There are 2 protein chains.
Amino acid sequence: MENKLSTQPYKGARDFYPEDMATRNYIFNVWKKVCESFCFEEYDFPILEPFEIFSAKSGEELVNQQIFSFEDKAGRKLAIRPELTPGTVRMIAQKFKEIQKPIKWFMIGNNWRFEKPQLGRGREFFQLEVNTFGVSGVLADLEIISIIVEIMKDFGADEKMFEVCISDRRLIFALLNDALGLNEETSNKARKIMDKRQKLSKDEFSELLKEIDLEDNKIEIIEQFMDSNLDNLEKVLDKNVLKENKGYETIKNLFSYLDNSGLLKYCRFDPSIIRGFDYSDGLVYEVFDKNPNNKRSMFGGERFDKLINIFGDFELPATGFAMGDITLLEFLKGWNLLPKMDSKTEFLVTVWPSDESKYLTASLKTANKLRSAGKNAEIWLETDSKLDKQLKYADKKQIPYCLILGEKELDSGTVTIKDMKANEQKTMSLNDLI
Amino acid sequence: MENKLSTQPYKGARDFYPEDMATRNYIFNVWKKVCESFCFEEYDFPILEPFEIFSAKSGEELVNQQIFSFEDKAGRKLAIRPELTPGTVRMIAQKFKEIQKPIKWFMIGNNWRFEKPQLGRGREFFQLEVNTFGVSGVLADLEIISIIVEIMKDFGADEKMFEVCISDRRLIFALLNDALGLNEETSNKARKIMDKRQKLSKDEFSELLKEIDLEDNKIEIIEQFMDSNLDNLEKVLDKNVLKENKGYETIKNLFSYLDNSGLLKYCRFDPSIIRGFDYSDGLVYEVFDKNPNNKRSMFGGERFDKLINIFGDFELPATGFAMGDITLLEFLKGWNLLPKMDSKTEFLVTVWPSDESKYLTASLKTANKLRSAGKNAEIWLETDSKLDKQLKYADKKQIPYCLILGEKELDSGTVTIKDMKANEQKTMSLNDLI
């Protein structure tokens, strides 16, 4: 006997059987519907990209440890995309002059990262990527946050279930560079440690900051900063530092707009939000699942006005977010928000068991007429199966109606329709049925 | 100045700007709608697969020259899928016992092949894959061919534009093994040469067959066979050979069903159809573009009852086809069947240029109300742009209606709607508008 191959998918990647695919389609359809209601346009680009567009700015961990990369047969170094933002910006740089601004774009695409598979993480995941390019004002960020809230509401979530936590990278600079006087290198290291605080104890957090030579009083100020809110931030950071700070101004404007638009109940200023991407350079935000059993950041977004400069000397403000399907699915399951997916099949057209071809012909024609009328109709694919077997199949597949075309029906030009749930049947003309 | 990165996508792969994406969505939506009307269920699986599932049966050229393969960081040999059939069969083998038969499945997915980019071919292409598993009878093949015809008709194509050419691999065996008495090796080589005949002159074709030591009289019979039709096939192949041949019986049954179902005008028996996959083992068919400027095979399908045996000793008849997006797009363009894609944006809600926040607030609320009513409404993202600039933007983006909310409208609780095409405007209440 020859060796048989494994039937498992590649580790950390998912097969989507029809029931899983129905759920995925449900999620993608909500994403798409909300983005289109805000008049964002859909686009896409290849999963294989030149390696350099990620090595430039995506951040060390992603590029060195997680990216799937290889050389093609012509020796070109390629990466399977680990995120969607650099490719998006590449497309815009390519047609920078032709594309009408502002640019409001969304895409749904898969990414690959070499990670240890665990709950809420896989090596392949899908993301919705939503960005506005060409608007420097905070109205663009307001719109992006409105889209996030609308998507969550469309899934049935409310303010008890999720929260958009918002800060600004320029406040971090105000803290680390202006207030604490750290040099660029130490400041970058401190920022990366701050980004991990959620996963650390208070002691572990202090310990890591001590390792980069921060004194106790500076660590104390960092802690105070991360715990502050919009009212007491001025007690932590010097008023003069804040007065000059564009980040502080942006945050204040944004929160006044959020209040005006009725979105304040979904949002909170949270200076502990940092984000890992090197290209974040202004507003940053993360959306949290408030489920007490599993409180965690689900996804986020940011300003990235300068990322496009890896492709050329363009001026193009940019802001947006990406949300992944795996964490979202955990969220929806955790709050019991996932609707039951019904069978899309409306009718099973049975085939009367007989050697006479007229029965098959009548069933084929009936199925075609139903489809022409916009109905989803399945036909039985054998001419010698007992009717009982066909009805049992419909029952197992939860098909709501079966049509029966036997001698009586053919003679009178009718069909018998059996309601599988009510277990009732009626005979009528096909036109009446449609 | 630092070096700037290229903005081009990887060679042979496509960026989908919103206008291209609209076309792609149009194609995918037709595919999906027709498959669902036949009650086929959608599924999906990862683009990365263990390399072996392709090396087993996909055919030499595909595996040795065209596949993108590499090792992951754990030393596992992976392939980016070059076709969708082996992964589909892997999924079915994985849950063989649990899945209710017959299985009617479709998916839309991308594949990668390392090819020289040319018209109608790219390194990345999308395919619709449609299969029925668990039905050995020809009714399953009839249904698959019905789906092909319905899809083509839904795109607006008719019998003057395309043709489904059908044969059976078992007829090729009857010719090469039974009638000509070739051994297995020579027979396989001859079959592969026959598969290329379309691209060769008569002389080149004979020459290649001579190279594998076929005598002139045998080459003559092969030529006659490939030119034969359902009426004169019995003159080329011995009646006794044909009488025992399952392929001949299948073809005759299928054509009688096609006739009954009104599909005969789209179909033709054509014994020159061979197909390249090693796993084809019964009916084979290819769909041709009949465009005199570009007559060629667009896509095809086959029986592949034994492919599942690379995963285990399963009994599972299988039949189906895959159609690619690039060749289809060429077809639709060639026959001028591609509809114009309209803007999905219905309204641009302008923002009256003013320092007073009431104008922005009113516009934001109006946009939200339109969206709640199921309309796609875009809002202008600046508070200091002249109205003229906003209207020009709408004009360039072909947005049909602009809403204006100035002092007069705010005072009277109305909106002014401007029909951009007719260049007319009217003032009314928002509720009346909705």
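As a convention, each chain's residues are numbered from 1 in the sequence order in which they are written. By the order in which they are written, chains take letters starting at A while ligands take numbers starting at 1. It should be noted that, the model being predicted, local features are given only for residues of pLDDT at least 70 and side-chain atom pairs only at 80 or more, the latter also being counted only at that level, while totals for whole chains, interfaces and linings use all residues.

Here we look at the overall build of chain A
Numbered from the N terminus, helices here are DSSP runs of H or I no shorter than four residues, and strands are runs of E no shorter than two. When helices and strands are tallied, chain A shows 17 helices and 16 strands. C-alpha atoms define the radius of gyration in this analysis, and the globule rule sets the expected value at 2.2 Å times the number of residues to the power 0.38. Here the C-alpha radius of gyration of chain A, 28 Å, is well above what a compact globule of 434 residues would show, namely 22 Å. With the principal axes as the frame, chain A shows a C-alpha extent of 95 × 55 × 50 Å. Buried means a residue has 20 or more other C-beta atoms within 10 Å of its own C-beta, exposed means 12 or fewer, and partly exposed covers the counts in between; C-beta atoms are placed from the backbone. By residue count, 41% of the 434 residues in chain A fall in the buried class. Contact between two residues is assigned whenever their backbone-derived C-beta positions fall within 7 Å. In chain A, of all internal contacts separated by at least 6 residues, the share reaching a separation of at least 24 is 67%.

Looking at the pairing of strand β11 (residues 318–324) of chain B
All names here are of chain B. By the criterion of burial, β11 is predominantly enclosed, with six of the seven residues buried. Between any two strands, pairing holds if DSSP finds at least two bridges. Here strand β6 (residues 124–133) runs beside β11; their pairing, made up of seven bridges, is antiparallel. Its bridge partner being in β11, Leu128 is matched across the sheet by Met323. When strand β10 (residues 296–303) meets β11, the two strands line up antiparallel, connected through four bridges. Opposite Arg303, over in β11, you have Thr319 as the bridge partner.

Comments concerning the sheet that holds strand β7 (residues 162–168) of chain B
All names here are of chain B. Strand order in the open sheet formed by eight strands is β1-β5-β6-β11-β10-β9-β7-β8, with mixed pairing between adjacent strands. Either end of the sheet is taken by a strand with one partner, and the two such strands are β1 (41–42) and β8 (267–269). Pairing analysis gives seven bridges linking β7 to strand β9 (residues 283–289), with the strands arranged antiparallel. Residue Phe162 lies in a different strand from β9, and its bridge partner there is Asp289. Lines fitted to C-alpha atoms define the axes here, with helix axes fitted over just the stretch in contact, and angles between the N-to-C directions of these axes take values from 0 to 180 degrees. Its contacts with the sheet place helix α4 (residues 85–94) against β5 (103–112), β6 and β11, and it is angled at close to 40° to β6.

Looking at the interface of chain A and chain B
Contacts between chain A and chain B engage 66 residues on the former and 68 residues on the latter. At five residues, the largest contribution of residues to the side of chain A that touches chain B is made by helix α1 (residues 18–37) of chain A. Each residue receives one of three labels: charged for Asp, Glu, Lys and Arg, nonpolar for Ala, Val, Leu, Ile, Met, Phe, Trp, Tyr, Cys and Pro, and polar for the others, Gly being one of them. When its residues are assigned to classes, the side of chain A that touches chain B shows 32 nonpolar, 14 polar and 20 charged.

A short note on the nonpolar core
One nonpolar core equals one set of buried Ala, Val, Leu, Ile, Met, Phe, Trp, Tyr and Cys residues connected by C-beta atoms within 7 Å. With 104 residues, the main nonpolar core has A:Ile145, A:Ile148 and A:Ile166 as its most contacted residues. Examining the composition of this core, we find that eleven residues originate from one element, helix α5 (residues 138–154) of chain A, more than from any other. For A:Ile148, the residues in contact, after removing those within four places along its chain, are A:Val164, A:Val287 and A:Phe321. Counting residues in hydrophobic clusters, the runner-up holds 103 residues, among them A:Leu360, B:Trp31, B:Leu84 and B:Ile172.

Here we look at the domain arrangement of chain A
Note that domain bounds follow an automatic or database assignment of domains. In terms of domain boundaries, chain A breaks down into domain 1 (18–165 + 239–334) and domain 2 (347–433). Summarising the inter-unit geometry, the C-alpha centres of domain 1 of chain A and domain 2 of chain A are found 49 Å apart.

So, the relation of the copies chain A and chain B
Overlaying chain A on chain B yields an RMSD of 0.0 Å, the required transformation being a rotation through 180° with an accompanying axial translation of 0.0 Å. Expressed as an axis order, the relation between the two copies is that of a two-fold axis. Closest approach to the rotation axis within chain A is made by the C-alpha atom of A:Phe70, at a distance of 3.2 Å. Residues reaching a pLDDT of at least 70 in both copies supply the C-alpha atoms on which the copies are superposed by least squares.

A closer look at the sheet that holds strand β9 (residues 283–289) of chain A
All names here are of chain A. Taken together, the eight strands give an open sheet; going across it, the order is β1-β5-β6-β11-β10-β9-β7-β8, and neighbouring strands pair in mixed fashion. The two strands at the open ends of the sheet, each matched to only one other strand, are β1 (41–42) and β8 (267–269). In this structure, strand β7 (residues 162–168) lies alongside β8, joined through three bridges in parallel fashion. Residue pairing across strands places Val164 opposite Cys267, the latter belonging to β8.

Observations concerning the UniProt feature "binding site: L-histidine" (unreviewed entry) in chain A
Residue and element names in this part refer to chain A. UniProt positions are given in the numbering used here, feature names are shortened, and annotations may be inferred rather than shown by experiment. Cross-referencing UniProt, the feature "binding site: L-histidine" (unreviewed entry) maps to Glu83, Leu84, Thr85, Arg113, Gln127 and Arg275 in the present numbering. Its place among the elements puts Leu84 in the loop between β4 (77–80) and α4 (85–94). When neighbours within four sequence positions are excluded, Leu84 is seen to be in contact with Met107, Gly109, Asn111, Gln127, Glu129 and Ala322. Mapped onto the elements, Gln127 comes out in strand β6 (residues 124–133). Accessibility expressed as a C-beta count within 10 Å gives 23 for Gln127, which makes it buried.

Here we look at the packing of helix α6 (residues 169–179) of chain B against helix α7 (residues 184–195) of chain B
All names here are of chain B. Relative to each other, α6 and α7 sit at 130°, their axes nearing to 10 Å. Classified by the angle between their axes, α6 and α7 sit oblique to one another. Handedness of the crossing formed by α6 with α7: right-handed. Each of Ile172, Leu176 and Asn177 in α6 lies in contact with α7, whose residues at this interface are Ser187, Ala190 and Arg191. Considered class by class, the residues forming the contact of α6 with α7 number three nonpolar, two polar and one charged. Roughly parallel refers to an angle under 35 degrees, roughly antiparallel to one over 145, roughly perpendicular to one between 65 and 115, and oblique to any angle outside these ranges. Handedness of a helix crossing follows the sense of rotation of the near helix relative to the far helix, less than a right angle counterclockwise being left-handed and clockwise being right-handed.

Some details on α6(B)
For α6(B), the complete set of buried residues consists of B:Arg170, B:Leu171, B:Ile172, B:Ala174, B:Leu175 and B:Leu176. Residue B:Gly181 follows α6(B) closely and has a positive phi angle near 65°.

Points about the environment of B:Lys396
Secondary-structure assignment places B:Lys396 in helix α15 (residues 387–396). B:Lys396 sits in the exposed class, given 9 other C-beta atoms within 10 Å.

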